[in-house]
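# Coordinates in review
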Amino acid sequence: MQIINGLNGLDDAMAALRSGGARVAMVPTMGALHDGHLALVAEAKKRADKVVASIFVNPLQFNDKGDLDRYPREEGSDADKLAAAGCDLLWMPTSDDFYPEGFATTVSVAGVSERWEGAHRPGHFDGVATVVAKLFTGIRPNVAIFGEKDFQQLAVIRRMNADLGLGVEVVGHPTVRAEDGLALSSRNAQLSAAERAAAVALPNALKAAAAAIRSGSAPADALAGAVSSLNEAGFGPIDYVAYVDPDSLEPLEKAQVRGRLISAAFLGKVRLIDNFCVEMDTV
Ligand code: PAF
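What this report covers is the structure whose coordinates are included nearby. (Residues numbered from 1 in each chain as written. Predicted model: local features only at pLDDT ≥ 70, side-chain atom pairs only at ≥ 80, totals over all residues. Heavy atoms only, no water.)

## Some remarks on the environment of Val41
- Topologically, Val41 is positioned in helix H2 (residues 35-47).
- Among the residues examined, Val41 registers a relative accessible area of 1% and is labelled buried.
- In sequence terms Val41 and Ile145 are 104 residues apart; their C-alpha atoms lie 8.0 Å from each other.
- If we ignore the near neighbours within four places in the chain, the residues touching Val41 are Val27, Val51, Leu82 and Ala85. (Helix = DSSP H or I, 4+ residues; strand = E, 2+ residues; numbered from the N terminus. Buried < 20%, exposed > 50% of the residue type's maximum accessible area, 1.4 Å probe, protein only. Contact = heavy atoms within 4.5 Å.)

Now the structure itself:
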C-alpha cells in the first residue's frame, strides 16, 4: 500500500492508480480504525479496481474542542490494518494542507442537516460537508463508501454530492455491530467496563421500538418506550430518539412504509449514536 502524506505526489499517485481505466473507490475515515471501517474497505474492493482510504481528523467537524483533543490517533496501526485489508493507497492530509491561512469556504447543506445531530452539534455538518467535498476533489473517486451508523451524515453527503455535481456514487454500508448488538464506534473505547455493558441498551431500545411500530404501535408510544429503557439503563442526557423519513430526516408522526429510528444519547461522558431501519410492506 502506498502512503501519501499531504498533497505532494497525490495527483501522480492517483493518475498511476487510474491507468488503464481502473475504477477507484474511496473510504474516507478519521482513523482509529475498527472492523466497521474494514467492512467499508471490503465493500469498496467489491465495487472498484482500486481502493483509496483517507485518514484526517477534521477539526472543522468538532464543535467541542475537548472531543477533538480526546479523539484517538493511531495512524501506524491504522496503516497496517488498511494494508492487510487490501487498500491500495492511504492518503493522510494535514490541517495545514486542507485549511491553510486564509481558507474561507464552507460547504453548508440546508434542510437535511438541520435537525438532530445538526441541532445538537452546531457546525458539525458544515465541517463534514466541507471536508468531504475536499476529499472528493483530491481523489475524484468513482464511488465512496460511508457507514450507515452516521445515518444523517450519509444523507448530508448524498445531498452535497448531488447539489455540487461531484459525480461520485455515494454508497451506504450497513452498521457493523459487536456480538451483543452495540454499533462499532471509535468512541466505544472511551466507555468504562460498566458503561460498555450498559451501552447495549441503545440498540436494544431502538430494536424494540422498531418492532413496536411494525406491529402497529403509534410511533410516539414506541419512542416513549425507547426513552424510558434508555433512562433505566443509565443513559442521559438523551439528545433525541426519533422516527424519521430516511431521505429527508423529517420526523414522521404516523408509521410509513419506509422509516428510520435514530438516536443520540450520553452514557457518562461518551455520546453514542445509533439507528435502525423500520420497513413495512404496507401501513
Ligand atoms: O465518518 C467519518 O469518519 C467522518 O465524518 C468523515 C466522513 C471521514 C469526514 O471527516
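## Focus on the sheet that holds strand S7 (residues 238-244)
- Overall, antiparallel pairing links the three strands, which are arranged S7-S8-S9 in an open sheet. In this open sheet, the two strands that pair with only one neighbour each are S7 and strand S9 (270-279). Across this sheet, the average inter-strand angle for adjacent strands is 10°, counted without regard to direction.
- Here ten bridges tie strand S8 (residues 258-267) to S9, and the two strands are oriented antiparallel to one another. Paired with Arg260 across the strands is Cys277, a residue of S9.
- Strands S7, S8 and S9 of the sheet are contacted by helix H10 (residues 201-214), whose axis makes an angle of about 25° with S9. (Pairing = 2+ DSSP bridges. Axes fitted to C-alpha atoms, helices over the stretch in contact; angles between N-to-C directions.)

## Section: the sheet that holds strand S3 (residues 50-55)
- What the six strands build is an open sheet, ordered S1-S4-S3-S2-S5-S6; its pairing is parallel. Edge strands, defined here as strands with exactly one partner in the open sheet, are strand S1 (2-5) and strand S6 (169-173). Neighbour-to-neighbour, the strand axes of this sheet turn through a mean angle of 25°, independent of strand direction.
- The pairing of S1 with strand S4 (residues 89-92) spans four bridges and is parallel. Residue pairing across strands places Ile4 opposite Trp91, the latter belonging to S4.
- Each of strand S2 (24-29), S3, strand S5 (143-147) and S6 is contacted by H2, which is oriented at about 155° to S5, the strand it contacts most.
- Helix-sheet contacts for helix H8 (residues 151-163) involve S5 and S6, and the interaxial angle to S6 is about 170°.

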